[in-house]
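Structural overview for review
Spelled out from the first residue to the last, the chains are:
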Amino acid sequence: MGPYLLRRLAHMVPLLLGITFLSFFVINLAPGDFFSTLKMNPSIRPETIAELQRQFGYGEPLLTRYFKWLWRALHFDLGMSLAYRVNVAELIGMRVFNTVILSVASMVFTWSLAIPIGILVALRPDSFTDRVLSFVAFFGMSVPNFFLAFLLMYAALQTGWFPVGGSTSIDYDSLGVGGRLLDRAHHLILPVIVLGTSGMASLMRLMRANIIEMKRAEFLLTARAKGLPERVVVLKHILRNALNPFITLAGYELGSLLGGAALVEAVMNLQGLGTLMLDAVRSLDIYLVMASVLIGSLLLLIGNLFADVALTLVDPRIDFTRLEADR
Amino acid sequence: MIARRGAAFGFAAWLAWGCASDPSTPTSTPAPVTASKRGQQLTTATISDPKTFNPILVTDSASGMALGDLFEALVRMNPKTTETEPQLAERWEYNADGTVCTFYLRKDVRWHDGKPFTARDVAFTYKAIFDDRVPNSTKHVLTIDGKPIKVEAIDDFTVRFQLPRPFAPLLNSISTEIVPEHILGESLANGTFAQQWGIDTPPEKLIGTGPYRMAQYVPAQYVRFKRNPDYWKRDDSGQPLPYLEEQTLLIVPNQDTLFLKFRAGQTDIHQPRPEEIADLQRDSQQLNITVREIGIDTGTQFVVFNRSPKHYEREGKRDPQLTWFTDKHFLQGLAHAIDKQSMTVNCFSGYGVPAVADISPENKLFHNPNLADYSYNLDEARRVLAEGGYALKDGVLRDRDGNAIEFSLYTNSGNQLREQMSAILKEDWTKLGMKVNYRPLDFPALVEKIDTTFDWDAILIGFTGGIEPHNGANMLRSSGNLHMWNPNQTTPATDWEKTIDTLVEEGSRELDIEKRRRVYWKIQEILHIELPMIQTVRQRMFVAVKNYVQNYEPYVWGVYRPERIRIAE
């Protein structure tokens, strides 16, 4: 296991280099740059823009700029945001907490609903329940997130049951600890529903398919022949084997933890990384974009590694030490 | 004030199929917040996060909004009259030849930390502005014929501005907020001024002289302000100002959400988009709001044609487009074919007025009211075009050499207003037999075309407007980089551009306001005849406000005496 881990970690280095190098160049291939917006403002003089460009090293060749960025990144300095003139790490730090809460909450929501439902419908495939639940799940998947967000916000406005956007109330600071927790949770409900439902259908279908497939496995004949009660067959043999792919999936989820809720964040007025990064990409705030690329790919790679390692622990058929030896 | 049962407002029609809101079903209504329970606090909203807390470095409106109540300048613009009025300076006077302006400062002003405000702070602020390591535009505005103005403190409460020559835009250009030397002095000395007061600065460290202090900033959520109890301004009966104890500026990065939040009673003031106005007016009683028209957009949306020869000369041959785009007949023909009425209805829900001059009518001092708009008249358009030798052949408009008229119209994608306007322009001009290829582009890509590659035919774009016309010199001057139709010229390509160059120079020197006004009137007249920019429509601006907000006097240029806003008891 040890050498395998080392080898996997070593593979990450060229991968990360490649990803960041490509991203850096692709962003710079796009016509225009961060300063484009300033250029169209008559009250900002070209001399000012030239000064800003010089301060951010825009005069140098692209390759030099990339390696300067890389060198600093290796020293844990991700550079300054062009728009905010504040260290990128600082900006991300200000918002990362909310994004993680939102992602984790919607993940828990999705998984804790999708897996039991998947099991339920798989035990009686093509029954009425199966059809109804599948329909609901696919509906959730096919309605665009931002649209569902609007629907729910409109409902919140009509009923007054939920806040219309935001992560906290205005009087958040005057609340006690319990009040704060409740306030945050109250604000989280709608966004979690929006984000959670979108991933539900695929997870549920995956669970369903896995179990149906497992039910046909030959070793179940043996198990049943031994006289094991059906409850044990389902829980011990079918479920355990059907859960394997979910461990891999959980690893992937780590990579998307900080990413993709930008539209929902914008619509529901949540303070997260998604909107920050969306703005950064739109305005070509390069170091901010690079930081998100770097962090995102790092999380994805580490998540993958976790998933693979976890798989070996769960499934004795997968043995990396032997795989290494086979090479 | 919140739940409106079965309302169908704004995009509600679009949402309708999904909303199970039955008008007969009573929904739970949260208890309305009464005015007395509110206390003296006001909640407003802005669309994006501030980018910096350093007033010298601000280039975006969100930062300006967040800092507006924290810092003060020597003078401020009165949004009601658009005149310059005293703020930190009590009065000022010019010497006889207009090259020295002396400001006499108020003696009762203190910084938020209790230290007295003096002329040294003013001199320091301008020292920072003119520092090479501090990127800002004020320095370039105040650099006259290559020479910076000199700012020196004569005594504790007198500051002298020495100008290389008379400079009329001075008073409109020194709205820069004054910052404290005792806090920022060291950073200017060691070259870190441009990194001071970023958005990661704890709010209590932001020291200004303004009516409020920043109490808290939560990124992407809100900025909170608390009243400065030692503010120098008093009301007519000697009561200290401001009246409001607390202000909250919500950050809401989505227009639809902004609207929902106002409807839900979470904000007190809202600037509605045209499509929201009628809904708010209809529900004003129930929402306990008043919807007011505050004037006409100070900016302008226009079409500009590329007259830069670089774009048209390929392999020794000259594209005929350059001839069309520099031909008055061609441009005036197009101007007569813009259906501004339909633009008003379709793009502004009816809340618009045709734009004639590039300076908005709201700029009462400099707007030229004598220009007659090019009426929407296709026959007239065809007549003007025929005069220039353009004729229809088989339904296709051709120039006198037989070239079919065809060009691309660009605008920045994602700007719904401009996309709608472009669609109308394309339709209108197609009626004349031209072929117009509509090409929306990303904003940075569009700017790259205007600024670097010059590879474009026509662009629909807009500028926001200010009071001081000299701030548009960059666009007016033939050598300016924002002289979009043919930027960075070494010598003016046409006589009228040469004339404008001279007028711009004259306008910056003329201290007599009547004479100065005539100069800018003349410039607007030339632009109106030569049509390097064909103006479209300006929006009529509205504001919706809760009825318990008193003394709130909004104008398109800003709020008049905002420190007097109060909440009804």
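Note: the structure precedes this text.
This one's a predicted model, so the numbers in the text were calculated from it and none came from an experiment. (Residues numbered from 1 in each chain as written. Chains lettered and ligands numbered in written order. Predicted model: local features only at pLDDT ≥ 70, side-chain atom pairs only at ≥ 80, totals over all residues. Heavy atoms only, no water.)

1. Focus on the overall build of chain B
Rules: A helix here means a DSSP run of H or I that spans at least four residues, while a strand means a run of E at least two residues long, and both kinds are numbered starting from the N terminus. Only protein chains enter the accessibility calculation, which uses a 1.4 Å probe. A residue is then buried if its area is under 20% of the maximum for its type, exposed if over 50%, and partly exposed in between. We call two residues in contact whenever any of their non-hydrogen atoms come within 4.5 Å of each other. Only the protein chains shown count as cover for residues, and all accessible areas are computed by the Shrake-Rupley method using a 1.4 Å probe.
Of the regular secondary structure elements, chain B holds 19 helices and 29 strands. Reported as C-alpha extents along the three principal axes, the dimensions of chain B are approximately 75 × 75 × 40 Å. Among the 569 residues that make up chain B, the fraction classed as buried is 57%. The long-range share in chain B, meaning contacts at least 24 apart out of those at least 6 apart in sequence, stands at 68%. Carbon and sulfur atoms make up 48% of the accessible area of chain B, which amounts to about 23,300 Å² in all.

2. Description of the overall build of chain A
This is how the line gets drawn: The charged-residue count follows a simple rule in which Lys and Arg add positive charge and Asp and Glu add negative charge, with His and chain termini not counted at all. To locate a charge, take NZ of a lysine, CZ of an arginine, CG of an aspartate or CD of a glutamate.
What chain A contains, in helices and strands, is 15 helices and zero strands. Seen along its three principal axes, the alpha-carbon backbone of chain A occupies a region of about 85 × 65 × 40 Å. The long-range share in chain A, meaning contacts at least 24 apart out of those at least 6 apart in sequence, stands at 75%. Between the averaged position of the 27 positive side-chain charges in chain A and that of its 23 negative side-chain charges there is a distance of 6 Å.

3. Concerning helix α8 (residues 255-263) of chain B
Within an α-helix, residues lying three or four positions from one another point in the same direction, as the helix has 3.6 residues per turn. Residues and elements named next belong to chain B. Which entries qualify depends on this criterion: Nitrogen and oxygen atoms within 3.5 Å of one another constitute a polar contact, given that in protein one can donate a hydrogen and the other can accept it, and given that sequence-neighbouring residues count only through two side-chain atoms.
Buried residues dominate α8, accounting for seven of its nine residues. Those residues of α8 lying buried are T257, L258, F259, L260, K261, F262 and R263. Taking the backbone nitrogen of D256 as reference, a side-chain oxygen 2.8 Å away marks N254 as the first, capping residue of α8. Of the residues one or two after α8, G265 is the one with positive phi, at around 80 degrees.

4. Overview of the sheet that holds strand β9 (residues 158-162) of chain B
All names here are of chain B. Keep this limit in mind: DSSP-based pairing: two strands are paired if at least 2 bridges between them are found. All axes are obtained by fitting lines to C-alpha atoms, using only the stretch in contact for helices, and the reported angles, taken between N-to-C directions, cover 0 to 180 degrees.
As summarised here, the arrangement of the four strands in space is β4-β5-β9-β8, forming an open sheet in which the pairing is antiparallel. The open sheet is flanked by β4 (89-94) and β8 (150-155), the only strands paired with a single partner. Recorded for the sheet is a direction-independent mean angle of 20 degrees between the axes of neighbouring strands. Sheet strands touched by helix α4 (residues 119-129): β5 (100-105), β8 and β9. Its angle to β8, the strand with the most contacts, is close to 165 degrees.

5. A few points about the environment of E448(B)
For E448(B), the position within the fold is in helix α16 (residues 443-453). Not counting the four nearest positions on each side in its chain, E448(B) is found in contact with P31(A), G32(A) and T453(B).

6. Some points on the interface of chain B and chain A
Operational definition: The buried area of a pairing is the accessible area, by a 1.4 Å probe, that goes missing from both parts when the two are put together, added over both. Basic side-chain nitrogens of Lys or Arg form a salt bridge, by our definition, when they fall within 4 Å of a carboxyl oxygen of Asp or Glu. Only Asp, Glu, Lys and Arg are considered charged, only Ala, Val, Leu, Ile, Met, Phe, Trp, Tyr, Cys and Pro nonpolar, and every remaining residue, Gly among them, polar.
If you look at the interface, chain B gives 72 residues, while chain A gives 54 residues. When chain B packs against chain A, close to 5,500 Å² is buried across both sides, 61% of that on carbon and sulfur atoms. There are three salt bridges connecting chain B and chain A. The partner of D49(B) in a salt bridge is R95(A), and the shortest N-O contact between them spans 2.8 Å. Linking chain B with chain A are 14 residue pairs in polar contact (both at pLDDT 80 or more). Looking at the side of chain B that touches chain A, the elements with two or more residues in it are α1 (12-15), α5 (138-141), β10 (212-218), β11 (222-227), β12 (246-251), α8, α16 and β23 (458-463) of chain B. Take the side of chain B that touches chain A: its biggest share by element is seven residues, from α16(B). Considering only residue class, the side of chain B that touches chain A consists of 37 nonpolar, 21 polar and 14 charged.

7. Re the sheet that holds β12(B)
Hydrogen bonds along the backbone pair up the strands of a sheet, which may run parallel or antiparallel. Residues and elements named next belong to chain B. Read across the sheet, four strands follow the order β1-β12-β11-β10 without closing on themselves; strand pairing throughout is mixed. Every other strand in the sheet has two partners, leaving β1 (41-46) and β10 as the edge strands with one partner each. The average undirected angle you get between the axes of adjacent strands in this sheet is 20 degrees. In this structure, β11 lies alongside β12, joined through five bridges in antiparallel fashion. Across the sheet, the residue bridging to R224 is T248, located in β12.

8. Looking at the pattern of salt bridges
Residue and element names in this part refer to chain B. Under the criterion given, the structure shown has 43 salt bridges over all chains. The partner of D283 in a salt bridge is R263, and the shortest N-O contact between them spans 2.9 Å. One end of the pair, D283, is in the loop between α9 (274-282) and α10 (284-287); the other, R263, is in helix α8, with 20 residues separating them in the sequence. No difference in accessibility class separates D283 from R263, as the two residues are buried.

9. Overview of a nonpolar patch on the surface
We count it as follows: The patch calculation keeps residues exceeding 30% relative accessible area without a salt bridge and links them within 9 Å when they carry like charges or within 5 Å when they are nonpolar (Val, Leu, Ile, Met, Phe, Trp, Tyr).
Taken together, the side chains of F128(A), V132(A), F135(A), V136(A) and F139(A) present a nonpolar region at the surface, about 560 Å² in accessible area. Counting through the fold element by element, F128(A) comes out in helix α6 (residues 128-142).

10. Comments concerning the side chain of T300(B)
As for its placement among the helices and strands, T300(B) is situated in strand β15 (residues 300-305). Of the polar contacts made by the side chain of T300(B), one reaches the side chain of Q535(B); its length is 2.4 Å.

11. Regarding the packing of helix α13 (residues 340-348) of chain B against helix α15 (residues 416-430) of chain B
Residue and element names in this part refer to chain B. Spelled out, the test is: What makes a crossing left-handed is the near helix being turned counterclockwise from the far one by less than a right angle; a clockwise turn instead makes it right-handed.
The geometry of α13 relative to α15 is characterised by a closest axis approach of 10 Å and an angle of 145 degrees between their N-to-C directions. Once α13 is placed against α15, the crossing between them reads as right-handed. Residues S342, M343, N346, C347 and F348 of α13 touch α15, and the partners they reach there are L417, Q420, M421, I424 and L425. Considered class by class, the residues forming the contact of α13 with α15 number seven nonpolar, three polar and no charged.

12. Considerations on the environment of L305(A)
All names here are of chain A. Relative to the helices and strands, L305 is located in helix α14 (residues 286-314). What makes L305 buried here is its relative accessible area of 10%. Through-space distance from the C-alpha of L305 to that of L9 is 8.6 Å; in sequence the pair is 296 residues apart. L305 has contacts with L5, R8, L9 and M12, leaving out every residue within four places of it along the chain.

13. Let's talk about the packing of aromatic side chains
All names here are of chain B. To keep things clear, this is the line we draw: Only rings of Phe, Tyr and Trp enter the pairing, Trp through its six-membered ring, and a pair is recorded when the two centres are within 6.5 Å. The plane angle decides the type: under 30 degrees is stacked, over 60 is edge-to-face, the rest tilted.
This model, assessed by the stated rule, comprises 34 aromatic pairs over all chains. Taking the centre distance of 5.4 Å and the plane angle of 80 degrees together, the rings of F53 and Y217 count as edge-to-face. Pair noted here: F53 is in the loop between β1 and α3 (61-67) and Y217 is in strand β10, with a separation of 164 residues, a long-range link. Note on accessibility: F53 and Y217 belong to one class, buried. Where Y126 meets F161, the ring centres are 5.1 Å apart and the plane angle is 75 degrees; that geometry is what we call edge-to-face. In this pair, Y126 is assigned in helix α4 and F161 in strand β9, connecting sequence segments 35 residues apart. A relative accessible area of 1% places Y126 in the buried class. The exposure class of F161 is buried, given its relative accessible area of 0%.

14. With respect to the nonpolar core
One broad rule of soluble globular proteins: the nonpolar side chains tend to lie buried together. Heads up, the condition is: Throughout this description, the term nonpolar core refers to a set of buried Ala, Val, Leu, Ile, Met, Phe, Trp, Tyr and Cys residues connected via side-chain atoms within 4.5 Å.
Within the largest apolar cluster, 105 residues are counted, with the highest numbers of intra-cluster contacts made by L74(B), F103(B), L105(B), F161(B) and I174(B). At nine residues, α14(A) tops the list of elements feeding residues into this core. Other than its neighbours up to four places away in sequence, L105(B) contacts L74(B), L88(B), A89(B), E90(B), F117(B), T118(B), A119(B), V122(B), D156(B), F157(B) and V159(B). In this structure, Y312(B), A337(B), L378(B) and I534(B) belong to the second largest nonpolar core, which totals 36 residues.

15. Here we look at the pairing of β10(B)
Every other side chain in a regular strand lies on the same face of the sheet, so the side chains alternate between the two faces. Residues and elements named next belong to chain B. Where β10 and β11 come together, six bridges link them in antiparallel fashion. Bridged to R213 within β11 is K226. Once β10 ends, the chain turns through three residues before running back antiparallel as β11, passing A220 with a positive phi of about 65 degrees.

16. Let's talk about the packing of helix α5 (residues 88-123) of chain A against α6(A)
How two helices sit against one another is set out by the angle between their axes and by the gap between those axes. All names here are of chain A. It is at 8 Å that the axes of α5 and α6 come closest, and there the two elements cross at 145 degrees. Here α5 runs over α6; the crossing is left-handed. When α5 is examined against α6, the residues I117, L120 and V121 are found in contact with a partner set consisting of T129, D130 and L133. For the contact of α5 with α6, the class distribution of residues is four nonpolar, one polar and one charged.

17. Considerations on unusual backbone geometry
Residue and element names in this part refer to chain B. Residue P242 is reached from L241 by a cis peptide bond, and omega for that bond is -5 degrees. Position of P242 among the secondary structure elements: in the loop between β11 and β12. Phi angles above zero are rare outside glycine, and N551 is one such case at about 60 degrees. By secondary structure assignment, the location of N551 is in the loop between β26 (549-550) and β27 (553-555). Residue N551 is classed as partly exposed on the basis of its relative accessible area of 41%.

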